[in-house]
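# Observations on chain architecture
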Amino acid sequence: MEAKNLWRFLVLSTGVAIISLVSWLHLPSFSNKEVLNCNLYSGWCTSKNRFYSSARPNEIKNPSSPTSDHQSEIPQHPLDPLTVQEFNRVRTILSSHPLFKSSSGYTLNSVVLEEPDKKLVLKWKKGDPLLPRKASVVAVVKGVSHVLTVDLEISQVTSHETGSASGYPIMTMEDMVGVLEVPLKSTEFNRSITKRGVNLADLACLPISSGWYGIPVEENRRLIKVQCYSKEGTVNFYMKPIEGVTALVDMDRKEVLAISDDGQNIPVANGANTDYRYSIQKLNGELRLLNPISLEQPKGPSFSVDGHLVKWATWEFHLRPDPRAGIIISQVKVRDPDTSKLRNVMYKGFTSELFVPYMDPTEGWYFKTYMDAGEYGFGLQAMPLDPLNDCPRNAYYMDGVFASSDGTPYLQPNMICIFESYAGDIAWRHAECPITGLKVTEVRPKVTLVVRMAAAVANYDYIVDWEFQTDGLIRAKVGLSGILMVKGTTYENMDQVPEKDYLYGTLLSENIIGVIHDHYITYYLDMDVDGSDNSFVKVNIKKEETSSEESPRKSYLKAVKKVAKTEKDGQIRLKLYDPSEFHVVNPLKKTRVGNPVGYKLVPGATAASLLDPEDPPQKRAAFTNNQIWVTPYNKTEQWAGGLFVYQSKGDDTLQVWSDRDRPIENKDIVLWYTIGFHHIPCQEDYPIMPTVSSSFDLKPVNFFERNPILGVPPNLDEDLPVCKAHKSA
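Residues numbered from 1 in each chain as written. Predicted model: local features only at pLDDT ≥ 70, side-chain atom pairs only at ≥ 80, totals over all residues. Heavy atoms only, no water.

We count it as follows: UniProt positions are given in the numbering used here, feature names are shortened, and annotations may be inferred rather than shown by experiment.
As named in an unreviewed UniProt entry, the protein is Amine oxidase, taken from Phaseolus coccineus. Regarding the protein, the UniProt comment filed under Subunit (unreviewed entry) reads as follows: "Homodimer." The Sequence similarities (unreviewed entry) field of the UniProt record for the protein holds the comment "Belongs to the copper/topaquinone oxidase family."

Here it is, written out as structure tokens:
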């Protein structure tokens, strides 16, 4: 195939959205006179002024406006992300280091802030000199992974190690895009595509992480698999898979190792009526079923953002974008209504890893067991949020500034939004009944603060929310949306399927199967409840039987508390008929009546992995073996699947750390929780999926002397806009 035609293909990474092959060749830097806002993974750039004037609501005024020039930003807090100037300094320092001077074949897979020691951050106060700024750099040089610390104060590399565990770092954009042209140079691959009647100009291809299965030919080399779709006639090319054609590619050598083609009799679905764009839907007539709706705030929002510090109601926390985790929430504090003092709740929280195994063991599907944070970077997949639809009016938008593979900083615009949410819910109410003679009706509206990111992980979109409530509760929520990853089939109707033929999913439309799969999102929660030394308490709810002499009752429920001594005591599998509460308490801090102050983890709807623990994907994702883990704080143990996840063998996971069974009583501890989903696709998931969500809560338990909702004001007529909606018919 001629090289000039290669650039015509649109490609799609498994961890990101559509990108032109050309876009990565001209990465915009911050050295240009007019800074460009670019999402490397969607292939578009707009001038800064045009982008902000159309996407930034101007209702919110902050000392650090989102329209400020990123080139001139200066860190204000020890946990602030690296600035444009700091990224450029890292590049300069590394350029003189022997590791990079002696080699032109290197990539910088990750350049992020190296957080100062936790104890130093906790002591730091606004107005103090900023703690020394350092960058953590992960680089691959001649196939070897290196981890370096760059001290920006003294302009030196102060630490340099090579990776000790199996696996490779997060793929770079050049890795993902560079492999896509490799199969297209293969006559065998092109023949497999064209003989199915697909025009090569209509290809949309995916670089799919290959996982690890102990196959000898795949050892000691970075591999990726490439599969393609037809985008003829629809933007929803996911519904038109070219089934059975898979290329195994060596990422470093840029060569095809093998091509499999076991779907020659499977047609490409026609993709009719799969285009999801609203403009296309309107061609069939007016579709407006709902009138527009918006939250009006006549006095403006109640929150403020100063750099990366967010304040709202009684809450205060630090917020930063991260290329791997997406959103990192740090130093979460809540103001006590009785003492007016800020009290520590959580030092740091973020999504540590995602695991998405598809339940089809056949040749073209067995390897589809994605670990999106460690393989592709969850934050790198974050798409610009759509004002008025992703986030309501009066939302504040925060950009991410990340490093490309040569260290050049670029902008991830509108990556995070912050807004107040009110859906007409009630935070608390009580009305006295007439028999008391008291005419009392008291109601408090439930207004919350939401921090949101949406990551487009190829076909799937993950909506990640951190929600703060006026009762002291923190809710972490994940919404799954987007489009199914489907499998081509010869069947057009279930009547054609032999009784013994298992489809590994559901027939959704003619020639389309939705494959069964799971989603697991594991959270890292460094709890610091009124201080760093905490304990984990499992509160079992047990049935207690009574004697006939004791009570007319035969049974009641009893709360039995057990403090976890070591890590294995903190490994929890949830059981419906063995209910428990899970408290993180500070045994040295007590309420007026003597209860230890604490927060409890309240699980939501979740799922447990049913895969064999020795199945290679499950071994790599062993952090999903339990829903809850508790480990002692260790700065190096943040990523549940290990620092290097790509093709890892499962030798550096949360399971491995926790099996050391270290003491955790009255220690600085980290709580881990996994949200899980089993997904058996149905026809309502075709051609797009409705959003499904799950969440968990961190809820105060004996943390306050009384309910903090008491101080929340009710809504009054004089506080609301004068405009009125039409009455319902």
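On we go.
### Digging into the UniProt feature "modified residue: 2',4',5'-topaquinone" (unreviewed entry) in the protein
So the rule is basically this: A run of H or I in DSSP counts as a helix once it spans at least four residues, and a run of E counts as a strand once it spans at least two, with each numbered from the N terminus. For every residue, the accessible area (1.4 Å probe, protein chains only) is compared with the maximum for its type, and the residue is labelled buried under 20%, exposed over 50%, or partly exposed between those bounds. For this analysis, residues touch if any pair of their heavy atoms sits within 4.5 Å.
Residues given the UniProt feature "modified residue: 2',4',5'-topaquinone" (unreviewed entry) here are Tyr460. Among the secondary structure elements, Tyr460 is positioned in strand S24 (residues 460-468). What makes Tyr460 buried here is its relative accessible area of 2%. Once residues within four sequence positions are removed from consideration, Tyr460 is found in contact with Tyr358, Ala455, Leu480, Ser481, Ile483, Leu484, His517, His519, His679 and Met689.

### Details of the sheet that holds strand S7 (residues 144-151)
The following threshold applies: Only when DSSP finds a minimum of two bridges between them are two strands counted as paired. Only C-alpha atoms enter the line fits that serve as axes; for helices the fit covers just the stretch in contact. Angles between N-to-C directions range over 0 to 180 degrees.
Reading across from one edge, S5-S6-S7-S8 is the order of the four strands in this open sheet, with antiparallel pairing throughout. Only two strands of the sheet have a single neighbouring strand rather than two, namely strand S5 (106-113) and strand S8 (156-162). When the angles between neighbouring strand axes are averaged without regard to direction, this sheet yields 20°.

### What about the state of the cysteines?
Two cysteines, two sulfur atoms, one covalent bond between them: this is a disulfide. The condition is simple: Cysteine sulfur pairs qualify as disulfides if the two atoms are within 2.5 Å.
Summed over the entire model, instances satisfying the criterion amount to two disulfides. The residue that forms a disulfide with Cys205 is Cys228, at a sulfur-sulfur distance of 2.1 Å. Linking Cys205 and Cys228, the disulfide has an S-S dihedral of approximately 95° and is accordingly described as right-handed. Residue Cys205 is found in strand S9 (residues 203-209), and its partner Cys228 is found in strand S10 (residues 223-230); the two are separated by 23 residues along the sequence.

### Examining unusual backbone geometry
Each neighbour pair has its own omega, and for Tyr686 with Pro687 the value is 0°, a cis peptide bond. Within the secondary structure layout, Pro687 lies in the loop between strand S35 (667-679) and strand S36 (689-701). Of note, Lys254 is a non-glycine position whose phi angle comes to about 55°, a positive value. With respect to the helices, strands and loops of the structure, Lys254 is situated in the loop between strand S11 (245-250) and strand S12 (255-261). When its relative accessible area of 38% is taken as the criterion, Lys254 is described as partly exposed. Although it is not a glycine, Ala458 adopts a positive phi angle of roughly 55°. As for its position among the elements, Ala458 is in the loop between strand S23 (448-457) and S24.

### Some thoughts on helix H3 (residues 84-95)
Given 3.6 residues per helical turn, the α-helix brings residues three or four places apart onto the same face. Using the following cut-off: To estimate how far a helix should reach, multiply one less than its number of residues by 1.5 Å.
Over its 12 residues, H3 runs 17 Å from end to end, which matches the ideal 16 Å to within 8%, given 1.5 Å per residue. Within the sequence span of H3, burial applies to Val84, Glu86, Phe87, Val90, Ile93 and Leu94.

### Remarks on the side chain of Thr470
Here Thr470 shows up in the loop between S24 and strand S25 (474-482). We classify Thr470 as buried; its relative accessible area is 14%. Residue contacts for Thr470: discarding those within four places in its chain leaves Trp312, Val447, Pro708, Ile709 and Val712.

### Side note on the pairing of strand S28 (residues 512-515)
Looking along a regular strand, one sees the side chains alternate between the two faces of the sheet. Burial along S28 is two-sided: Ile512 and Gly514 facing one way and Ile513 and Val515 facing the other are all buried. For strand S26 (residues 486-488) and S28, the ladder comprises three bridges, and the chain directions are antiparallel. By the bridge assignment for S28, Gly488 is matched with Ile512. Of the pairings in the sheet, the one linking strand S27 (residues 505-509) to S28 comprises four bridges and is antiparallel in character.

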